[in-house]
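Understanding the architecture of this molecule
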Amino acid sequence: MTKPQIRPATGAQYSRIHGVGGYRPVRVIPNSEVLEWIDSSDEWIRTRSGIAERRWAGPEESVAEMSVQAAGKAIAQAGITPEQIGGVIVSTVSHLKQTPAIATEIAQRLGCGTAPAFDISAACAGFGYGLGLADGMVRGGNAEYVLVIGVERLSDLTDKSDRSTAFIFGDGAGAAIVGPSNTPGIGKLIWGSDGSQADVISQTQAWDTAFAKPDAINGQGKEQKWPALRMDGQPVFRWAVWEMAKVAQQALDAAGITADQLGAFIPHQANMRITDAMIKALKLPASVPVARDIAETGNTSAASIPLAMERMLESGEAHSGDLALIIGFGAGLVYAAAVVTLP
Ligand SMILES: CC(C)(COP(=O)(O)OP(=O)(O)OC[C@H]1O[C@@H](n2cnc3c(N)ncnc32)[C@H](O)[C@@H]1OP(=O)(O)O)[C@@H](O)C(=O)NCCC(=O)NCCS
């Protein structure tokens, strides 16, 4: 008797991004408001980070609500229906409810039927991680279209008295639809992690340290302090500039693309000085438009690349069909870079 053989899933030969959409909270926080919390100056914040203002979400602008708004735009641009979506991946580090994944609520609200839906935690590399998973799902035959969302309410985890982070973070959501393509639209993902530097950006305390566990509440006298994000700025800065420029170059090489062939460079909007240093290290020609969304959006972690991509397309700085180099990097430490065709 011949051994039975499993019929494998077969997918599209190539994948690409079919649509992108963003949601920016209504409330603008200019540097002048940050100066009410920390001893700093508008000039210091602008020159050290490039940030002039950021958006912070209000009570109605939940992780799910911002995601649904951003995803709706991406779905419309892709010209598909929500029922065609065969996977929903939500990258976030600031959804404050451990379980269930927020992705299932988002999938249900969008009308994605019974699509598999799950959250991932890859901080500022989260959009790239999600894109890599979606690319594999589409080409592997486990989904036709996948919705990738990067969403953060970092204001919930920001210590307004911390001079090294209070001015940096913002809230928002960015979404992309990944689906089949006749031509290659997503290059090899260069991604990785370095757990030896886990401490340089992290939550101050785990929830069970911040809040006494039920069985320890009585008589423990634990101080209950809401956790926040802490960052050791200088090591992060050095790592981002030196190591990430190499990763970006690897993504270009793997895709067989040279910097002068790019129609856009869309790095994670961490800090304008990091972006400028990467441009130099990559010897990016001045003709390549560079995302500088951080000036008005701050650092929105997983949401920053799709938000910046949407802005460049809407403003006409970059165009559909152009090649873009994207690179995300942050807490973990984690990183992910790839060359993609813009939707
Ligand atoms: C956070 C960051 C802007 C701080 O800049 P820096 O030059 O490293 O600042 P330092 O902590 O070395 O402090 C330099 C000086 O600025 C002062 N300073 C620090 N924070 C300040 C603030 N918010 N406002 C004004 N002055 C400040 C310090 O007191 C210090 O003053 P001194 O020279 O008189 O001692 C910078 O480290 C950075 O951009 N890091 C990367 C962060 C990042 O992108 N993270 C996201 C990754 S996902």
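Structural data are supplied above this passage.
What you are looking at is a predicted structure, and each value in this text was computed from that prediction instead of being measured.

**What about the packing of helix H7 (residues 233-255) against helix H8 (residues 272-282)?**
A pair of packed helices is captured by two measures, namely the crossing angle of their axes and the spacing between those axes. With their axes 9 Å apart at the nearest point, H7 and H8 run at an angle of 45 degrees to one another. On the basis of the axis angle, H7 is oblique to H8. The way H7 lies across H8 gives a crossing that is right-handed. Residues Phe237, Ala240, Val241, Met244, Ala245, Ala248, Gln249 and Leu252 of H7 lie in contact with H8, whose contacting residues are Arg273, Ile274, Ala277, Met278, Ala281 and Leu282.

**Remarks on the pairing of strand E3 (residues 53-56)**
In E3, alternate side chains face the same way, and those of Arg54 and Trp56 are buried while those of Glu53 and Arg55 on the opposite face are not. The sheet contact formed by strand E2 (residues 27-30) and E3 spans four bridges and is antiparallel. If you follow Val28 over to E3, its bridge partner there is Arg55.

**Examining helix H10 (residues 304-315)**
For H10, built from twelve residues, the straight-helix expectation of 16 Å at 1.5 Å per residue is met to within 8% by its first-to-last C-alpha distance of 16 Å. Most of H10 sits inside the fold, with nine of its twelve residues counted as buried. In the segment just after H10, Gly316 is the residue with positive phi, at about 85 degrees.

**Points about the site of the ligand**
The environment of the ligand is formed by 21 residues, the closest being Ser40, Arg48, Arg163, Gln234 and Asn271. Taking Gly233, its main chain carries an N or O atom lying 3.0 Å from a nitrogen atom of the ligand. Relative to its unbound accessible surface of 950 Å², the ligand loses 71% to contact with the protein. Broken down by element, the shell around the ligand gets its largest block of residues, four residues, from H7. Broken down by class, the residue content of the shell around the ligand amounts to ten nonpolar, seven polar and four charged.

**A word on the sheet that holds strand E4 (residues 85-91)**
Spatially, five strands are ordered E1-E7-E6-E4-E5 in an open sheet, and the strand pairing comes out mixed. The sheet is open, and its two edges are formed by strand E1 (14-23) and strand E5 (117-120), each paired on a single side. Adjacent strand axes in the sheet meet at a mean angle of 20 degrees, parallel and antiparallel pairs treated alike. In this sheet, strand E7 (residues 171-181) lies alongside strand E6 (residues 145-153) in antiparallel orientation, the contact comprising eight bridges. Each residue of the ladder has a partner; that of Ile149, found in E7, is Ala175. Taken strand by strand, helix H5 (residues 126-140) contacts E1, E4, E5, E6 and E7, and its axis lies near 160 degrees from that of E4. Relative to the sheet, H10 contacts E1 and E7, its axis offset from that of E1 by approximately 85 degrees.

**Points about the packing of helix H3 (residues 63-78) against helix H4 (residues 102-110)**
In the contact formed by H3 and H4, the axes pass within 10 Å of each other and the chain directions differ by 50 degrees. The angle between H3 and H4 places the two elements in the oblique class. The handedness of the crossing between H3 and H4 comes out as right-handed. Side by side, H3 and H4 meet where Val63, Ala64, Glu65, Ser67, Val68, Ala71, Gly72 and Ile75 of the first sit next to Ile102, Glu105, Ile106, Arg109 and Leu110 of the second. Residues of the contact of H3 with H4, tallied by class, amount to eight nonpolar, two polar and three charged.

**Quick notes on the nonpolar core**
In this structure, Phe265, Leu325, Ile327 and Phe329 are the most contacted members of the largest nonpolar core, which totals 48 residues. Put simply, the parts of the chain that give this core at least two residues each are strand E10 (229-231), H7, H8, helix H9 (294-297), strand E12 (323-330) and strand E13 (334-341). When residues in this core are grouped by element, the largest group, eight residues, is from H7. When residues no more than four places from it in sequence are discounted, the contact partners of Phe265 are Met278, Ile279, Leu282, Leu284, Val288, Pro289, Val290, Ala291, Met312, Leu325 and Ile327. Counting 35 residues, the second largest nonpolar core, distinct from the first, contains Ala134, Ala318, Ile326 and Val334.

The rules behind each value
Residues numbered from 1 in each chain as written. Predicted model: local features only at pLDDT ≥ 70, side-chain atom pairs only at ≥ 80, totals over all residues. Heavy atoms only, no water. Axes fitted to C-alpha atoms, helices over the stretch in contact; angles between N-to-C directions. Helix = DSSP H or I, 4+ residues; strand = E, 2+ residues; numbered from the N terminus. Parallel < 35°, antiparallel > 145°, perpendicular 65-115°, else oblique. Left-handed = near helix turned anticlockwise from the far one by under 90°. Contact = heavy atoms within 4.5 Å. Buried < 20%, exposed > 50% of the residue type's maximum accessible area, 1.4 Å probe, protein only. Pairing = 2+ DSSP bridges. Expected span 1.5 Å × (residues − 1). Near = heavy atom within 4 Å. Polar contact = N/O pair within 3.5 Å; in protein donor to acceptor, adjacent residues only side chain to side chain. Areas by Shrake-Rupley, 256 points an atom, 1.4 Å probe, with all protein chains shown as cover. Nonpolar A, V, L, I, M, F, W, Y, C, P; charged D, E, K, R; others polar. Core = buried A, V, L, I, M, F, W, Y, C linked by side-chain atoms within 4.5 Å.

By themselves, these are just geometric observations and shouldn't be taken as functional.
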